[in-house]
Amino acid sequence: MQFAKPWFLLGAFLLGLCVAASGAHAQSRGEDSERTITSGGMRREFILHVPSNAPPGPKPLVIALHGAWQPAGVMQRYLDLDKIADREGFVVAYPKGLNLLWNDGRATVAGIMPIIYPRDDGRFVLDVLHTLEKEGLADPSHAYLMGFSNGAFLTAYVACRYANSFAAFATMMMTVPVGYAESCKPARPVPILMMNGTYDPIVPMFGRPTPGARLMSATDSANLFARLDSCAPPVETRAPHARILRWEQCTPGSAVALYEIAGGHQPPSQSTDAMDALAAIVLGPRRSGLDAPQEIWNFFKRFDNPTVTPPQTDAPLIAQTPSGTVAAPAALAAPVAATVAAPEPIAPQPVVAARGAAPILSAPTSYATAWQGIAPASGADAAAGVAAPVPLPTGAPASAVRVAAAPVPAGSELHKPMVPGAPMPLQASFRPTGGTTLASSFAEPAQVPLPPPSPLRRMSASAQ
């Protein structure tokens, strides 16, 4: 696991910065508690924040997922989301990843190391939601999911796979894997807000290969969800240190927003301090003047989940007869007719396959495939290493075209997945598109005559 060592050093440095900065934020007026549940046969933990002045009954819920090697408690103080929760009256849950990492849907844990202990962290997030729903604390029709960095990758994975479980999603410092162009098929249109830093050295906006998956750019990631939501072209607005693209004319109940922050791998805050400046040495600058949690909550509260019926807090828990006696058990088992009209079915939108996009490997077979993380396509396209494109529908918006990557020459070897024992591409046997070998494409260097011997010393016979 030699390739993971720099990430461990980075994580240790960031953890020290976060712990040192954790005491600088204001204390919340709500109540925090440590909770433990069983998910996938494992004991899992999360922090629960409940506003002290919130009315009784089910309340809106925001689940916030921390980044890699970032404790949930540090994420809680770093974001200052509790301050908004106390003012607006919603509950916040901060799940804890095993070893401070998430299995976020890529072929590696957090895009850093091979999967050693498989677990379904997406199911864990749903178990947190269902636990709070059964306790009567969370309103499932107003449940929202957000994440930062590694937690944002898991948020996008849940949005593609469990779209019916949350009303809206938000990601900070994440771009989706290229394979999502084919595999992301949410059950309904997905309202999602994305934030990315233009100077982010960890998850660059323009996309890059990572262990377990090759990533799209931030723009292509937003275009993917805009196409899934059948959105019209976006409208551009400006904010302090930010350029914002908003797709508002989408399928009813959905929208997409992309915040391009002129900063690094840190969400913007209303104000910054010296610890933020110290973290900028590794993560890039953290900008002030735009509060990320406030922007996210303003986006969240516009949406509810049309697939979930809001809880009726004033309904009796046990049916009674007019005489006051408890009704027969059969009456309790009688189904209640739903009064909410079913949402209008949405015509499926064809997906535009990106060149080279393929399903993510379920598990890497070596360090080489762990870094590449892309499985070859099937059939004739596998031999060429190119995924077959899907034709665009008539009248498709121009934004759909931007999801596809630039064409790759059929004869090129650079885009093919690396396998154990395979030669590196830039060897003498590598043939570029022109057909000549790399070694023969360079002229033999000219023979340069030796300089005359120095008059100050006598040259040895071996040097003549």
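Residues numbered from 1 in each chain as written. Predicted model: local features only at pLDDT ≥ 70, side-chain atom pairs only at ≥ 80, totals over all residues. Heavy atoms only, no water.

Points about the nonpolar core
Looking at soluble globular proteins, one finds that nonpolar side chains tend to be buried together.
Point 1. Judged by nonpolar contacts, the single largest core of 59 residues is most densely connected at Ile-63, Leu-132, Phe-166, Phe-225 and Trp-247.
Point 2. By residue number, the principal contributor to this core is helix α5 (residues 150–161), which donates eight residues.
Point 3. In this structure, Ile-84, Val-92, Met-173 and Ile-244 belong to the second largest nonpolar core, which totals 35 residues. (Core = buried A, V, L, I, M, F, W, Y, C linked by side-chain atoms within 4.5 Å. Buried < 20%, exposed > 50% of the residue type's maximum accessible area, 1.4 Å probe, protein only. Helix = DSSP H or I, 4+ residues; strand = E, 2+ residues; numbered from the N terminus.)

Focus on the sheet that holds strand β8 (residues 168–172)
Point 1. The mixed open sheet is built from ten strands, whose spatial order is β1-β2-β4-β3-β7-β8-β9-β14-β13-β12. The open sheet has two edge strands with one neighbour each: β1 (31–39) and β12 (235–239). If you compare each strand with its neighbour and ignore which way they point, the axes differ by 20° on average.
Point 2. Of the pairings in the sheet, the one linking strand β7 (residues 138–148) to β8 comprises five bridges and is parallel in character. Note that in β8 the partner of Tyr-144 across the bridge is Ala-168.
Point 3. Against the sheet, α5 makes contact with β3 (59–65), β7 and β8, and its axis sits at roughly 135° relative to β7, the strand it touches most. (Pairing = 2+ DSSP bridges. Axes fitted to C-alpha atoms, helices over the stretch in contact; angles between N-to-C directions. Contact = heavy atoms within 4.5 Å.)

Some details on the state of the cysteines
Point 1. Applying the stated criterion to the full structure yields two disulfides.
Point 2. Note that Cys-160 is cross-linked by a disulfide to Cys-184, the S-S spacing being 2.1 Å. Here the S-S torsion is close to -90°, and the disulfide linking Cys-160 with Cys-184 is therefore left-handed. Placement of Cys-160 in helix α5 and of Cys-184 in the loop between α6 (180–183) and β9 (192–197) is noted, with a sequence separation of 24 residues between them. Accessibility classification places Cys-160 together with Cys-184 in one group, the buried group.
Point 3. Sulfur-sulfur distance for the disulfide between Cys-231 and Cys-250 comes to 2.0 Å. Because the sign of the S-S torsion sets the handedness, a value of about 110° for the bond joining Cys-231 and Cys-250 places this disulfide among the right-handed ones. Taken together, the residues span a long stretch of sequence, with Cys-231 in the loop between α7 (218–228) and β12 and Cys-250 in the loop between β13 (242–247) and β14 (256–261) at a distance of 19 residues.
Point 4. Counting only the cysteines that take part in disulfides, in the order they occur along the protein chain, gives the pairing 1-2, 3-4. (Disulfide = S-S within 2.5 Å.)

A closer look at the packing of aromatic side chains
The relation between two aromatic rings is expressed through the spacing of the ring centres and the mutual angle of the planes.
Point 1. As enumerated under the stated definition, the model contains seven aromatic pairs in all.
Point 2. Ring plane angle 10° and centroid distance 4.8 Å describe the contact between Tyr-144 and Phe-300, whose orientation is recorded as stacked. Note that Tyr-144 is positioned in strand β7 and Phe-300 in helix α9 (residues 292–300), a separation of 156 residues in sequence.
Point 3. Among the residues examined, Phe-300 registers a relative accessible area of 1% and is labelled buried.
Point 4. Relative to Phe-169, the ring of Phe-166 lies with its centre 5.8 Å away and its plane at 65°, an arrangement referred to as edge-to-face.
Point 5. Taking the relative accessible area as the measure of exposure, Phe-166 reaches 0% and is therefore buried.
Point 6. Here a set of aromatic residues connected by ring pairs shows up, and it is made of Phe-90, Tyr-144, Trp-297 and Phe-300.
Point 7. Above the face of the Phe-124 ring, Arg-44 is positioned so that its terminal group lies 4.1 Å from the ring centre. (Phe/Tyr/Trp six-rings, centres within 6.5 Å; stacked < 30°, edge-to-face > 60°. Lys NZ or Arg CZ within 6 Å of the ring centre and 35° of its normal.)

Notes on α5
Point 1. With twelve residues, α5 ought to run about 16 Å at 1.5 Å a step, and its terminal C-alpha atoms sit 17 Å apart, in line with that.
Point 2. Most of α5 is tucked away: eleven of the twelve residues are buried.
Point 3. Every buried residue of α5 is accounted for by Asn-150, Gly-151, Ala-152, Phe-153, Leu-154, Thr-155, Ala-156, Tyr-157, Val-158, Ala-159 and Cys-160.
Point 4. Check the buried side of α5 and you find it contacts β3, α4 (121–134), β7, β8, α6 and α7. (Expected span 1.5 Å × (residues − 1).)

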